[in-house]
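The residues making up each chain are set out below.
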Amino acid sequence: MKLKELRNKKWFKIISNKYVLLIIIFGGWMLFLDSNSWLVHNELNQEVEELEENRQYYENEISKDKATIQQLQDSVEMEKFARQQYYMKRPNEEIFIIEYDTIQD
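To start, this report covers the structure provided alongside it. (Residues numbered from 1 in each chain as written. Predicted model: local features only at pLDDT ≥ 70, side-chain atom pairs only at ≥ 80, totals over all residues. Heavy atoms only, no water.)

## Quick notes on the packing of aromatic side chains
Stage number 1. Under the defined criterion, the tally for this structure stands at two aromatic pairs.
Stage number 2. With a centroid separation of 5.2 Å and an interplanar angle of 70 degrees, the aromatic rings of Y57 and Y58 are classed as edge-to-face.
Stage number 3. Of the residues examined, Y58 reaches a relative accessible area of 51% and is grouped as exposed.
Stage number 4. Judged by centre distance (6.1 Å) and plane angle (75 degrees), the rings of F81 and Y86 are edge-to-face.
Stage number 5. Residue classification places F81 among the partly exposed positions, given a relative accessible area of 29%.
Stage number 6. Overall, Y86 belongs to the exposed group, its relative accessible area being 57%. (Phe/Tyr/Trp six-rings, centres within 6.5 Å; stacked < 30°, edge-to-face > 60°. Buried < 20%, exposed > 50% of the residue type's maximum accessible area, 1.4 Å probe, protein only.)

This is how it looks when you write it as structure tokens:
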């Protein structure tokens, strides 16, 4: 195919238009090469979504901890918590910890 034949093709005329070339170059620059490119925005949007998920998780954990603190205002509940979590005991008392094997043969 010779250059003259190529210049007569309709798609070549459209692509070789200086405005179309400028738009293609500008679009490529803005999508991939610019500091505010689409790729950078996509990464930042993913990071924002992860941070929002973390925020929701920590808000749920805070509400659980507030409920636990509210329950621990009672001395009986505090003693129960200390016995279950930290294996504390009263004087002259013995504690036996029973662990179950969850692996089945």
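## Focus on a negative patch on the surface
Stage number 1. A contiguous patch of negative charge, built from E43, E47, E49, E50 and E53, is present on the exposed surface.
Stage number 2. Relative to the elements of secondary structure, E53 occurs in helix α4 (residues 38–71).
Stage number 3. A relative accessible area of 57% means that E53 is categorised as exposed. (Patch = residues over 30% accessible without salt bridge, like charges linked within 9 Å, V, L, I, M, F, W, Y side chains within 5 Å. Areas by Shrake-Rupley, 256 points an atom, 1.4 Å probe, with all protein chains shown as cover. Salt bridge = Lys/Arg side-chain N within 4 Å of Asp/Glu carboxyl O. Lys, Arg positive; Asp, Glu negative; His and termini not counted. Charge placed at Lys NZ, Arg CZ, Asp CG, Glu CD. Helix = DSSP H or I, 4+ residues; strand = E, 2+ residues; numbered from the N terminus.)

## Regarding the environment of E99
Stage number 1. Looking at where E99 falls in the secondary structure, it is placed in the segment after α5 (75–86).
Stage number 2. Once the C-alpha coordinates of E99 and W11 are considered, the two residues, 88 residues apart in sequence, prove to be 76 Å apart.

## Notes on the side chain of S37
Stage number 1. With respect to the helices, strands and loops of the structure, S37 is situated in the loop between α3 (18–33) and α4.
Stage number 2. We classify S37 as buried; its relative accessible area is 2%.
Stage number 3. Ignoring sequence-local partners within four residues, the contact set of S37 consists of M30, L31 and F32. (Contact = heavy atoms within 4.5 Å.)

## Some details on unusual backbone geometry
Stage number 1. The phi dihedral of Y87 is positive, around 55 degrees, even though this residue is not glycine.
Stage number 2. Looking at the element boundaries, Y87 is found in the segment after α5.
Stage number 3. Even without being a glycine, N92 presents a positive backbone phi close to 60 degrees.
Stage number 4. Topologically, N92 is positioned in the segment after α5.
Stage number 5. Note on N92: relative accessible area 85%, which makes it exposed.

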